Structures are given as C-alpha cells and as structure tokens.
Amino acid sequence: MARLPNQTEQLSLDTFVRGLWEENPVFVMLLGMCPVLAVTNSTMNAIAMGLATTFVLVASSTLVSLIRKLIPKQVRIASYIVIIATFVTVVDYAIQAISLELYNALGAFIQLIVANCVILGRAEAYASKQRLHTTLVNSLGMGAGFTLALLSLGTVRELLGSGTLLGYPVMPENFEPWVVMILPPGGFFVLGVWLLLFAWLKQRRERRLPQQEAASHAS
Amino acid sequence: MSDAASTPNLANNTPAFRMVRTLGAIAMLSGLLVVLVFQYTKPIIAENQRVAIEQAVFQVVPGASSRSDWILGADGLASGGSHIAGQTVYAAYDERGALIGIALAAGAQGYQDVVKLLYGYDPDCQCVRGIKILKMTETPGLGDKIAFDPAFLANFEALDARLNAAGDALANPIHAVKHGKKQDAWQVDAISGATISSVAVANAINRSLQHAAPLLQRDLTRLKAPTTTGGDD
C-alpha cells in the first residue's frame, strides 16, 4: 500500500479520494493555513476561494505534468512559480469580471494563492513525477479536499457568527450571533475543533486495526 | 541515477542555455496567456465598475435616473473629461433632467483603517440625502453597523449642511454626538458601541463638505445644464 515517491502511480479511485480524506491538504497535511483562516468568515467567500484555488491547482499541476520532462531540475521551482503566478493572475481578472463585490471581499488573498503551499507542494511532489491523467485526477481531488475544508470552516463560522447561511437567515429570531466567530480568533477556534475531530478519528482507527487483525487471526 | 556519485555531476550535465531556454519559453507563454485574459476581461471589468458606481450614486441620491461626471478641483468644477487634479463628483438628475443631487466620495480614519464612503448632497435644501459605505474594515458586529444600521442611516436622510453668511464654509460643522444626544439637524447620532466608527463617518462628510459645498453652490448653474441625454424637450 505504501507509495514510493518516485513511482509512477496507476490511476484508481484512491487517486481522487486521497485528497478528500486521507491526505486532506488542510486537516491532515496542514498546508495553506493562511487563506483557510483568513477568508472563511462566510460560506460564499469559502466557496469562491476554494474554487479559485482548485482552478489554479488543477491548471498548474496539469501543465507541470505535461512539460515535466522538458524542465531542467535546477530551474524547476522557478518554472513552477511562473506557471502558478500566471494562473493566479488569470483567476484574479476572472473574479473581477464575475463580481467586484466578491473581489473586494476576498481582498489580497486571491493574489496570495501564488504562495499557497498546497499548489507548489503538488507540483513538486506529484505533478513533476506523474503522468498527465493521474495528475489531473489527483489535483482535482486535492482541490475538492481544500474546498471542502474551507467550507467546513466557512459554514460553521457564518452560522454561529452571523446566524446566516449563504446570506440567508437560518437561526431563530432570538439567536444572538457569536461575533467572535467571524473575527480572526473564531477561525482558530473552528479549525482547532475540526483538527481535534480528525485526530480522534485517526486514533480510533489505529486502535481498531490491531483488534481487527487479532479477530481475523482467531477465526 | 543508479549511484550517489552521479548526483553532483547533474548540474554540469544541463547546459545553462537549456535552463534559460526553458524559463524563457515558460515566461513567454505565461505573458501571452495573461495578456489574452487581460484583453478579454478588460471591458467586462470596466462595465462592472461603471455599474457599481452608478448603483452607489443612485442609492445616495434617491430618485436619480441619470448621472454625469465632473471634477472638483481647487478652483471649482470642470467637466469629467478634462485632465485637472481633483476628485470626481457625480451630478445626478431625475427623469425630467433636473439636477436633484451631487454624489461625492469622502474618507476618514475609523477604528482600524480608513472608512471610505459616498454621500449625496442636495444643493436645494443644502443637506445630505444619503450615504453608502464603500470600503471599511471596522469590527464586525460593532463598527460595521455604520453600513446598514437603519437608525444610524436615518441621520443622513436630511442632514443639515447650510453655508454660512459669507458662503465659504458650513454654518454648523457636521459632527457626531453620543447615542441619544442628537438635538440639531447637523448632528449625527452615534451608534452605541461604535462611537469611533460613527465619528469617522461624520468627520469624513464634514471635511469633504467644508471644502466642496461652497464651490458646488457657486458653480451650480453649470451642473444644472446636464450634459447627459434626456433634456426638457
């Protein structure tokens, strides 16, 4: 099951699902924390940020995989950065064209996708070594996992911090919003709770594994 | 890469020319892509900005249906196309083409950063008719109420901004007072718990109007002949 870093991977369902759960960029690998904490104060921001990052991730990983044999080892990081920066600029203009309001809400964090280590990490650790189709599927999975993680923070923070979901009021009339949740500390609180949950799930699985093995040996 | 000894030689095996060529090709492709996207989105972004300004202007001048741009410089108004230093102001007209208000941008230091807003000045009643916060980073739940709190926004439905007898400044400076202490038509009733943000809004309008209102009143006849479509005919 162990995957050697330099081995070419065969395409399977796991190539996609790994990014969602087992190697979730936020909850398991703890990468790209800056946008995770900064723009998740509403569901809409989380969705927009997740989609923008996914686009850059998929586009840059695909391109890196496509030309991976042409890039000399010494200048690979420089090449990745130029490729990533290009797609970030594309996204930046696209969001301005779609909605200025959204662009203002996301602020500098669109440009900062360049520095998102999930993307550079994928290019270096995966796309530069794997074939085109596996890279495409894997980066789509990672992007979906990143978006999912942003959403899990964004919905909780908007629900508790503003009493709304996607801008629509969903809490009862007498609900007093927990303002702290849409302020920066709220990001850390919610992220902490999610990490706790993931750590607990992992621990539980590890505890169960020896028991299952023992059970299968007995039978 | 079968043995460790081959790794240090790798740097020598790749000629510098190949690195430069690869980087150059990638940079050129990137440039091309960015230029294409920029050219394609430019008109859409410009249209978005125009719509955003128009919506804001029509919001702060109730009843407006068309606008024309002017530049307010140190010595008065100039039409929107001319290249003189000054701030852009938006004259707003109703359906019959009559001037009903002027929208101006203003800004002042708030609790965390500068609060930027647009407000509508009605030259007939010499008062402020409405405001819209354009940009702010006030505390959510407290200071950010300046953007939507109905009781606070009601301050700016007829905020007195009369000129003094000499016509070179406001007769009564616009200022914010503590919540519930508003007595005069030129005072702004602050939001309780968001006094600093409320003061910023009042100061921004006061500072802007102290300078702009005398010039606008002087050059009012120029604004009344609209350059936009839809005259009296």
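Since the structure is predicted, the reported quantities are computational estimates derived from the model, not experimental observations. (Residues numbered from 1 in each chain as written. Chains lettered and ligands numbered in written order. Predicted model: local features only at pLDDT ≥ 70, side-chain atom pairs only at ≥ 80, totals over all residues. Heavy atoms only, no water.)

**Some thoughts on the overall build of chain B**
No. 1: When its secondary structure is counted, chain B shows 5 helices and 9 strands.
No. 2: Beginning at the N terminus, the succession of helices and strands in chain B can be written as α-α-β-β-β-β-β-β-α-β-β-β-α-α.
No. 3: When each of the 233 residues of chain B is scored for burial, the buried share is 41%.
No. 4: Across chain B, every contact between residues at least 6 apart in sequence was considered, and the portion connecting residues at least 24 apart equals 54%.
No. 5: Carbon and sulfur atoms make up 57% of the accessible area of chain B, which amounts to about 12,500 Å² in all. (Helix = DSSP H or I, 4+ residues; strand = E, 2+ residues; numbered from the N terminus. Buried < 20%, exposed > 50% of the residue type's maximum accessible area, 1.4 Å probe, protein only. Contact = heavy atoms within 4.5 Å. Areas by Shrake-Rupley, 256 points an atom, 1.4 Å probe, with all protein chains shown as cover.)

**Overview of the pairing of strand β3 (residues 87–93) of chain B**
Residues and elements named next belong to chain B.
No. 1: Burial within β3 is extensive, with 5 of its 7 residues counted as buried.
No. 2: Here strand β1 (residues 66–73) pairs with β3 via 7 bridges, running antiparallel. Bridge pairing in β3 places S68 opposite A91.
No. 3: For β3 and strand β4 (residues 99–109), the ladder comprises 4 bridges, and the chain directions are antiparallel. (Pairing = 2+ DSSP bridges.)

**A few points about the state of the cysteines**
Chemically, a disulfide is nothing more than a covalent bond linking the sulfur atoms of two cysteines.
All names here are of chain B.
No. 1: One pass over the full model with this rule turns up 1 disulfide over all chains.
No. 2: A sulfur-sulfur distance of 1.9 Å marks the disulfide that ties C125 to C127. Judged by the sign of its S-S torsion, about -50°, the cystine formed by C125 and C127 is left-handed.
No. 3: C125 gets classed as partly exposed once you look at its relative accessible area, which sits at 33%. (Disulfide = S-S within 2.5 Å.)

**Here's the deal with the pattern of salt bridges**
Residues and elements named next belong to chain B.
No. 1: Counted by the stated rule, this structure contains 11 salt bridges over all chains.
No. 2: Note that D160 is salt-bridged to R162, the shortest N-O span being 2.9 Å.
No. 3: Looking at R162, the relative accessible area reads 40%, which means it is partly exposed.
No. 4: A cluster of three or more residues bridged by salt bridges with shared partners is formed by E47, R50, E54, R67 and D69. (Salt bridge = Lys/Arg side-chain N within 4 Å of Asp/Glu carboxyl O.)

**Points about the side chain of T86 of chain A**
No. 1: Following the sequence through the fold, T86 of chain A ends up in helix α4 (residues 76–98).
No. 2: Not counting residues up to four positions away in its chain, the partners in contact with T86 of chain A are S30, L33 and V34 of chain B.

**Regarding the packing of helix α6 (residues 117–127) of chain A against helix α7 (residues 132–162) of chain A**
Angle between the axes and distance between the axes: these two values describe a pair of packed helices.
All names here are of chain A.
No. 1: Running from N to C, α6 and α7 cross one another at 150°; their axes reach a closest spacing of 11 Å. Compared by their axis directions, α6 and α7 come out roughly antiparallel. Between α6 and α7 lies a crossing whose hand is right-handed. The residues of α7 that touch α6, namely those facing V118, R122, Y126 and A127, are T134, T135, N138, M142 and F146.
No. 2: Along the lines of polarity and charge, the residues of the contact of α6 with α7 split into 5 nonpolar, 3 polar and 1 charged. (Axes fitted to C-alpha atoms, helices over the stretch in contact; angles between N-to-C directions. Parallel < 35°, antiparallel > 145°, perpendicular 65-115°, else oblique. Left-handed = near helix turned anticlockwise from the far one by under 90°. Nonpolar A, V, L, I, M, F, W, Y, C, P; charged D, E, K, R; others polar.)

**Some thoughts on the confidence of the model for chain B**
Residue and element names in this part refer to chain B.
No. 1: Counting all residues, the mean pLDDT for chain B is 83, and 89% of those residues have values of 70 or more.
No. 2: Note that residues 228–233 has pLDDT below 50 and, in this model, 8 contacts with residues that lie over four places away or in other chains.
No. 3: Two numbers describe this predicted complex: its pTM, 0.75, and its ipTM, 0.77. (pLDDT = per-residue confidence, 0-100.)

**A closer look at the environment of T137 of chain B**
Residues and elements named next belong to chain B.
No. 1: For T137, the location among the structural elements is in the loop between β6 (127–135) and α3 (150–153).
No. 2: The exposure class of T137 is partly exposed, given its relative accessible area of 39%.
No. 3: Taking the C-alpha atoms as reference points, T137 and A204, separated by 67 residues in sequence, lie 16 Å from one another.
No. 4: Those residues in contact with T137, other than ones at most four positions away along the chain, are Q112 and D113.

**Details of the nonpolar core**
No. 1: Formed by 42 residues in total, the largest nonpolar core has its most connected members in V56 and I95 of chain A.
No. 2: Of all the elements in the fold, those that place two or more residues in this core are α2 (33–38), α3 (43–66), α4, α5 (100–106), α6, α7 and α8 (184–218) of chain A.
No. 3: At 8 residues, α3 of chain A tops the list of elements feeding residues into this core.
No. 4: By size, the runner-up hydrophobic cluster in this structure holds 41 residues, among which are W70, Y93, I133 and A202 of chain B. (Core = buried A, V, L, I, M, F, W, Y, C linked by side-chain atoms within 4.5 Å.)

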